[in-house]
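Structural overview
The lines below spell out each chain.
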Amino acid sequence: IENKEKAQAQLQPQAQPARPEALHLLVNEALIAESDHFKFVQNFENFHKFSRGLKIAKDGDRDLVAKEDCYLIFPKSDIKEGTVTSYLAVLNPWT
């Protein structure tokens, strides 16, 4: 009986893991380091979501904050003055 129960359990459909919802984003800003002192406030992952007003980075004396709800795209760790450090994207309003 035990083997029969195991066999029946194996035939039951297995729950599939939930697929993450696809994001349709529109890149609307490139963050460019204006100094060699650019530093993200923490080690952000790609697609980190920010609410409007949250601090993203510090660049010398300048605080960079999210102007609107947005996502951080391709944050770089090797940052030099004049280089793109990352991009900011918003949800695409046309999708």
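Preceding this section is the structure that the text describes.
Read on for an overview of the structure.

What counts, and where the lines are drawn
Residues numbered from 1 in each chain as written. Predicted model: local features only at pLDDT ≥ 70, side-chain atom pairs only at ≥ 80, totals over all residues. Heavy atoms only, no water. Pairing = 2+ DSSP bridges. Helix = DSSP H or I, 4+ residues; strand = E, 2+ residues; numbered from the N terminus. Buried < 20%, exposed > 50% of the residue type's maximum accessible area, 1.4 Å probe, protein only. Core = buried A, V, L, I, M, F, W, Y, C linked by side-chain atoms within 4.5 Å. Contact = heavy atoms within 4.5 Å.

1. Considering the pairing of strand S4 (residues 55-59)
- Sheet analysis places strand S2 (residues 38-40) next to S4, joined by three bridges and oriented antiparallel. Paired with Lys-39 across the two strands is Lys-58, which belongs to S4.
- Following S4, the chain reverses through two residues before pairing antiparallel with strand S5 (residues 62-65); Gly-60 in that reversal takes a positive phi of roughly 65°.

2. A few points about the environment of Ala-30
- For Ala-30, the position within the fold is in strand S1 (residues 25-32).
- On the accessibility criterion, Ala-30 (34% relative accessible area) is partly exposed.
- Residues Ala-30 and Thr-85 lie 55 residues apart in sequence; the distance between their C-alpha atoms is 7.6 Å.

3. Overview of unusual backbone geometry
- The residue Phe-47 is not glycine, and still its phi comes out positive at about 70°.
- Take Phe-47: it is sitting in the loop between S2 and strand S3 (48-50).
- Overall, Phe-47 belongs to the partly exposed group, its relative accessible area being 44%.
- With phi around 50°, Phe-74 is a residue other than glycine that occupies positive phi space.
- One can find Phe-74 in the loop between strand S6 (70-73) and strand S7 (84-91).

4. Let's talk about the nonpolar core
- One finds Phe-38, Phe-40, Phe-50, Ile-56 and Leu-72 to be the most contacted residues of the largest nonpolar core, which totals 15 residues.
- Those elements giving two or more residues to this core turn out to be S2, S4, S6 and S7.
- In contact with Phe-38, other than residues within four places in its own chain, are Ala-33, Ala-57, Lys-58, Asp-59, Leu-64, Ile-79 and Thr-85.

5. Here's the deal with the pairing of S6
- Here S6 shows two buried faces, one formed by Cys-70 and Leu-72 and the other by Tyr-71 and Ile-73.
- Across three bridges, S3 lies against S6 in antiparallel orientation. The residue of S6 that forms the bridge with His-48 is Leu-72.
- Pairing geometry for S6 and S7, over three bridges, is antiparallel. Residue Leu-72 lies in a different strand from S7, and its bridge partner there is Leu-88.

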